[in-house]
Amino acid sequence: MLSRTFRAGLTVKNSVRSLSSTTKTLSSYDQPDFSSYLHNRSESTNRNFAYFMVGSMGLLSAAGAKSTVETFLSSMAASADVLAMAKVEVKLGAIPEGKNVIVKWQGKPVFIRHRTASEIDEANAVEINGLRDPQADADRVKKPEWLIMLGICTHLGCVPIGESGDFGGWFCPCHGSHYDISGRIRKGPAPLNLEIPEYDFTDEETLLVG
Amino acid sequence: MLSALFQRNSVYVATVFGGAFAFEGFFDKAINTWYDNHNKGKLWKDVKGKFLEGGDEDEDDD
């Protein structure tokens, strides 16, 4: 009984299927021709194509999202005109006597040296007439114990090394310029003393460069 | 060949993200090249010689 119904059902189904596949021949109506929409590619080719398209779209969206986030973040960075006017504040209390500190100001290194009394005497004792770029130490500092200058060799722009060289000041390793404890050129190819930037002592403990 | 990438989701996603980076570089380069070509003769780097007489200064750091 059961198997009969089953078989009957199957038959009906089959007949329906066979009917539907031959509708065109049986029907008197014009049927649309779908054959141009059909393809004979394999299922895996088909699936790979779909995955490829999905992946490509993911790739494009990821690239777009990344560049959107990047643009947004870079818009929060300081702009070039702000950076050009930038000043740097340094707490001098943290610099012990006889020590160098290098801070970055407008992309350039600034040397700050807390000079000892003997170094100040040494800087003042130099006979300035014999120098290549004659300049008294008093003209190069606002307070004798604080020497502030741009750490860029006046020869070709290297950054000199502190506490070295023949004159106890700075030494440029690129072409061997020696600067003394006041930053004046004493030996080597550099034509000028190390440059002094604009700076001010806003109070006893604070230096403002720029 | 391609299906090797689709076998595992981790590989698939990694490929997509890695591809995004590669694509971004390629895309930027392509657009920049096109832009420079399209505006040839009007860009600063093209007209620089006209305004800065005496050649370009060597900005070699050494």
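Residues numbered from 1 in each chain as written. Chains lettered and ligands numbered in written order. Predicted model: local features only at pLDDT ≥ 70, side-chain atom pairs only at ≥ 80, totals over all residues.

In the annotation of an unreviewed UniProt entry, chain B is listed under the name Complex III subunit 9 and assigned to Candida tenuis. For chain B, the Sequence similarities (unreviewed entry) comment in UniProt is given as "Belongs to the UQCR10/QCR9 family." Taken from UniProt, the Subcellular location (unreviewed entry) comment for chain B reads in full: "Mitochondrion inner membrane". (UniProt positions renumbered as here; feature names shortened; annotations may be inferred.)

You'll find chain A entered in an unreviewed UniProt entry as Cytochrome b-c1 complex subunit Rieske, mitochondrial, with Candida tenuis given as the organism. The Catalytic activity (unreviewed entry) field of the UniProt record for chain A holds the comment "a quinol + 2 Fe(III)-[cytochrome c](out) = a quinone + 2 Fe(II)-[cytochrome c](out) + 2 H(+)(out)". Looking at the Subcellular location (unreviewed entry) heading of the UniProt record, one finds this comment for chain A: "Mitochondrion inner membrane".

Okay, the overall build of chain A next. Per the secondary structure count, chain A includes six helices and 10 strands. A total of 210 residues make up chain A; the buried ones form 20% of that total. Pairs at least 24 residues apart make up 47% of the contacts formed inside chain A by residues separated by at least 6 positions. (Helix = DSSP H or I, 4+ residues; strand = E, 2+ residues; numbered from the N terminus. Buried ≥ 20, exposed ≤ 12 C-beta atoms within 10 Å, placed from the backbone. Contact = placed C-beta atoms within 7 Å.)

With that settled, consider the nonpolar core. Residue and element names in this part refer to chain A. One finds Val110, Ile112, Ile148, Met149, Leu207 and Val209 to be the most contacted residues of the largest nonpolar core, which totals 20 residues. Counting only elements with at least two residues in this core, the list comes to β3 (108-114), β4 (146-150), β6 (168-172) and β10 (206-209). If sequence neighbours within four positions are ignored, methionine 149 has contacts with Phe111, Gly183, Leu194, Glu195 and Ile196. (Core = buried A, V, L, I, M, F, W, Y, C linked by C-beta atoms within 7 Å.)

We now examine the sheet that holds strand β1 (residues 88-91) of chain A. All names here are of chain A. The sheet built from three strands is open, its strands ordered β1-β10-β9 with antiparallel pairing. In the strand order of this sheet, the two ends are held by β1 and β9 (199-203), each with one partner. Across this sheet, the average inter-strand angle for adjacent strands is 25°, counted without regard to direction. Sheet analysis places β1 next to β10, joined by four bridges and oriented antiparallel. (Pairing = 2+ DSSP bridges. Axes fitted to C-alpha atoms, helices over the stretch in contact; angles between N-to-C directions.)

A word on the interface of chain A and chain B. Contacts between the two partners involve 15 residues from chain A and, on the opposite side, 12 residues from chain B. Looking at side-chain class alone, the side of chain A that touches chain B contains eight nonpolar, six polar and one charged residues. (Nonpolar A, V, L, I, M, F, W, Y, C, P; charged D, E, K, R; others polar.)

What follows concerns the pairing of β10 of chain A. Residue and element names in this part refer to chain A. Residues of β10 alternate between two faces, with Leu207 and Val209 buried on one and Thr206 and Leu208 left unburied on the opposite face. As judged from the four bridges shared by β9 and β10, these two strands associate in the antiparallel manner. Each bridged residue has a counterpart across the sheet, and for tyrosine 199 the counterpart in β10 is valine 209. The hairpin turn running from β9 into β10, its antiparallel successor, is two residues long.

Okay, the confidence of the model for chain A next. All names here are of chain A. Residue-level pLDDT values for chain A average 80, and 87% of them are 70 or greater. For chain A, helix α1 (residues 2-21) is the element with the lowest average pLDDT, namely 46, and helix α3 (residues 43-76) is the one with the highest, namely 92. In this model, residues 1-19 is a region of pLDDT below 50 whose contacts with residues beyond four sequence positions or in other chains number zero contacts. (pLDDT = per-residue confidence, 0-100.)

Attention shifts here to the sheet that holds strand β8 (residues 185-187) of chain A. All names here are of chain A. Strand order in the open sheet formed by four strands is β5-β6-β7-β8, and the pairing between neighbours is antiparallel. Strand pairing shows two members of the sheet lacking a second neighbour, β5 (161-162) and β8, which therefore form its edges. Pairing of β5 with β6 involves two bridges; the strand directions are antiparallel. Paired with isoleucine 161 across the strands is phenylalanine 171, a residue of β6.

Here we come to the pairing of β3 of chain A. Residue and element names in this part refer to chain A. In the sheet, strand β2 (residues 100-105) pairs with β3 via six bridges, with the strands oriented antiparallel. Note that in β3 the partner of tryptophan 105 across the bridge is lysine 108. Adjacent in sequence and paired antiparallel, β2 and β3 are bridged by two residues, among which glutamine 106 carries a positive phi angle near 50°. Where β3 and β4 come together, five bridges link them in antiparallel fashion. Bridging across to β4, histidine 114 finds its partner in tryptophan 146.

For aspartate 133 of chain A, the location among the structural elements is in the loop between α5 (117-125) and α6 (137-140). Linking aspartate 133 of chain A and asparagine 193 of chain A, residues 60 residues apart in sequence, is a C-alpha distance of 6.3 Å.

Right, let's get into the confidence of the model for chain B. Residues and elements named next belong to chain B. With 84% of its residues at a pLDDT of at least 70, chain B reaches an overall mean of 84. Confidence, read as mean pLDDT per element, is least for helix α1 (residues 3-6) in chain B (82) and greatest for helix α2 (residues 9-38) (94). Listed scores for the predicted complex are pTM 0.48 and ipTM 0.72.

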